[in-house]
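Residue-level structure breakdown
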Amino acid sequence: MWKFIDDILMMFQDCFSRSAAHKWFTLITSAFIVRSDKLGITSVIRDLLLSSDCYEKMIHFFKAGSYDLHKLRQKWTRIIASMVHKVTINDRYILVIDGVKQSKEGRRMPCVKKMAQESETQSKPSMIFGHLWGGLGILIEDEHKLSCLLLSLRIHDGLKAMSKWCKDIVCESHVIEMIRDTISAFVNFDKDIYLLADRYFLSVNALKLIDEHNNNNSDESRKIDIITKAKRNAIAYLEPEKKQRKTKGRRRLKGEAVKLMDLFKKKDTSFIKKNLKLYGKNKEVSYYCIDLLWGLKYYRKLRFVLVEYDNIRSILVSSDLECDPEDIIKLYSLRFRIETNFRELKQVLGGFSYRF
């Protein structure tokens, strides 16, 4: 195992302009694997029996200019793309994005801000002070199970103050930052991508950014399509009727409005019943598929799949109009895999801890 880990760490050597910085990177990464507590840099020194003089040197490593975090993430993505067995559906890899909010007690920590907590768990307060993290992962599988392996994990909010003195930091919304992380990782893969996201990421800005990337991509045969979920009050539009030649005025962009939840009333006549394997269990699912225009002043055609099982109703959305409705349902059921990573990072690895 240690030989395998050492081979992986040595692959990052070309990301550092100084060999000493790479040695510190290898040392600290190894320490995070074997450490016995989550008390930051001091736990590295204690568990590796290092001299106390190493503390300041480690602090300087995190501020060093001999490496670039973007290049490190790109290298990690290329390693994953070349080594692991990736899940494919319709000859596409599957990436997953999600955000996680981690509360912090210190009000003067960098990037800490006041945020609303949307979780339905009663034990969590409605407002918290903390960090907003954005995670990007890829679905992989082996002989025993399917899991999500993180490619990127960054703080996506509270950067306004830092952007004033650091030109490399750009303040964008959490949704836009997540799409940009996906596009950045996409160049390292040789196939199309299905991007799984929760309903928070169904926005006009996200669709515009994905469409802009697909249109400007030099390899037109490769593209990104998002599969997500719509809110219960979502409204879509039929395609506009074709104007007669003699009619004056500009062409209409949309047709009649459709309340998506009202389509569940067609259940008796239009819904299809199938047995699908969701969340590891066989479930009887009723679904109805329809292509409609969505997005105020954008009116992008999307595929909507209305799903009902176990008295649960959901409206799934895909930007790929050729994707089979049953594949859309199965794909969205895999989205929760990234939440397992967040749980392990928080409870086992201490990945969201403040270390300085």
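Now for a look at the structure at hand. Here the structure is a predicted model, which means the values were calculated and not measured.

1. Regarding the pattern of salt bridges
For the structure shown, the criterion picks out 19 salt bridges. Residue Lys 191 pairs with Asp 91 through a salt bridge whose shortest N-O separation is 3.1 Å. Residue Lys 191 is located in the loop between α7 (174-186) and β6 (192-196), and its partner Asp 91 is located in the loop between β1 (88-89) and β2 (92-103); the two are separated by 100 residues in the primary sequence. Using a relative accessible area of 24% as the deciding quantity, one classes Lys 191 as partly exposed. Residue Asp 91 is classed as exposed on the basis of its relative accessible area, which comes to 52%. Between Arg 335 and Glu 339 there is a salt bridge, with the nearest N and O atoms lying 3.0 Å from each other. Salt bridges sharing partners connect three or more residues here, namely Arg 92, Asp 192, Lys 223, Asp 225 and Asp 320.

2. Describing helix α2 (residues 19-34)
Given a rise of 1.5 Å per residue, 16 residues ought to cover 22 Å, and the 23 Å separating the end C-alpha atoms of α2 matches this to within 8%. Among the residues of α2, those classed as buried are Ala 21, His 22, Phe 25, Thr 26, Ile 28, Ser 30 and Ala 31. Looking at the packing, one finds that the buried side of α2 touches α1 (2-10), α3 (41-47) and α4 (54-61).

3. Notes on the nonpolar core
Judged by nonpolar contacts, the single largest core of 47 residues is most densely connected at Leu 95, Ile 97, Ile 179, Phe 189, Leu 260, Phe 304 and Ile 315. Residue contributions to this core peak at seven residues, all from α7. Dropping the residues within four chain positions of it, Phe 189 is found in contact with Thr 77, Ala 81, Lys 86, Tyr 93, Leu 95, Ile 138, Leu 151 and Arg 222.

4. Quick look at the side chain of Asp 192
In this structure, Asp 192 sits in strand β6. Look at Asp 192 and you get buried, because its relative accessible area is 13%. For Asp 192, the side chain forms a polar contact with the main-chain nitrogen of Lys 223, separated by 2.9 Å.

5. A few points about the environment of Ser 203
With respect to the helices, strands and loops of the structure, Ser 203 is situated in the loop between β6 and α8 (204-216). Through-space distance from the C-alpha of Ser 203 to that of Asn 275 is 31 Å; in sequence the pair is 72 residues apart. Contacts of Ser 203, omitting those with residues within four sequence positions, involve Val 175 and Trp 294. A distance of 3.2 Å separates a polar atom in the side chain of Ser 203 from the backbone nitrogen of Ala 206.

6. Brief notes about the packing of aromatic side chains
One pass over the full model with this rule turns up 11 aromatic pairs. With 5.2 Å between their ring centres and 45 degrees between their planes, Phe 16 and Phe 25 make a pair best called tilted. For the pair Phe 16 and Phe 25, a shared accessibility class is recorded, and that class is buried. Taken together through their ring pairs, the aromatic side chains of Phe 12, Phe 16, Phe 25, Phe 61, Phe 62 and Tyr 67 make up a single cluster. Residue placement shows Arg 92 over the ring face of Tyr 194; its charged tip is 4.4 Å from the ring centre. If you follow Arg 222 out to its NZ or CZ, it ends over the ring of Phe 186, 4.4 Å from the centre.

7. Remarks on a nonpolar patch on the surface
On the surface, Met 1, Phe 4, Met 11 and Met 83 cluster together into a nonpolar patch covering about 440 Å² of accessible area. By secondary structure assignment, the location of Met 1 is in the segment before α1.

8. Structural notes on helix α5 (residues 69-83)
An ideal rise of 1.5 Å per residue puts 21 Å on 15 residues; α5 measures up with 21 Å between its terminal C-alpha atoms. Considered for burial, the residues of α5 that qualify are Leu 72, Gln 74, Lys 75, Thr 77, Ile 79, Ile 80 and Ala 81. Close packing links the buried residues of α5 with α1, β4 (127-141), β5 (146-155) and α7. Where α5 begins, one side-chain oxygen reaches toward the backbone nitrogen of His 70, 3.1 Å away; that side chain belongs to Asp 68.

About the thresholds
- Here the residue index of a chain counts from 1 through its sequence in written order.
- Per-residue local features are limited, in this predicted model, to residues with pLDDT of at least 70; the limit for side-chain atom pairs, both in listing and counting, is 80 or more; totals at the level of whole chains, interfaces and linings are taken over all residues.
- Excluded from the side-chain calculation are hydrogens and water; included are all heavy atoms of the structure.
- A pairing counts as a salt bridge when a side-chain nitrogen of Lys or Arg comes within 4 Å of a carboxyl oxygen of Asp or Glu.
- Strands are runs of DSSP state E lasting at least two residues, helices are runs of H or I lasting at least four, and both sets are numbered from the N terminus onward.
- Each residue's exposure class comes from its accessible area (1.4 Å probe, protein chains only) as a fraction of the maximum for that residue type: buried when under 20%, exposed when over 50%, partly exposed otherwise.
- Given the number of residues in a helix, its expected span is that number minus one, multiplied by 1.5 Å.
- Two residues qualify as a contact provided that any one of their heavy atoms is within 4.5 Å of a heavy atom in the partner residue.
- The term nonpolar core refers to a set of buried residues drawn from Ala, Val, Leu, Ile, Met, Phe, Trp, Tyr and Cys, joined through side-chain atoms within 4.5 Å.
- Throughout this description, a polar contact denotes any pair of N or O atoms lying within 3.5 Å of each other; where both atoms belong to protein, one of them has to be capable of donating a hydrogen while the other can accept it, and for residues adjacent in sequence the pair is counted only when both atoms sit in side chains.
- The criterion for an aromatic pair is that two Phe, Tyr or Trp rings (for Trp, the six-membered ring) have centres within 6.5 Å, with stacked assigned to planes under 30 degrees apart, edge-to-face to planes over 60 apart and tilted to the rest.
- We call a charge positioned above a ring when the Lys NZ or Arg CZ atom is no farther than 6 Å from the ring centre and deviates by at most 35 degrees from the ring normal.
- Residues enter a patch when their relative accessible area is above 30% and they make no salt bridge; the linking distance is 9 Å between like charges and 5 Å between nonpolar side chains (Val, Leu, Ile, Met, Phe, Trp, Tyr).
- Computed by Shrake-Rupley with a 1.4 Å probe, the accessible areas treat only the displayed protein chains as cover when residues are assessed.

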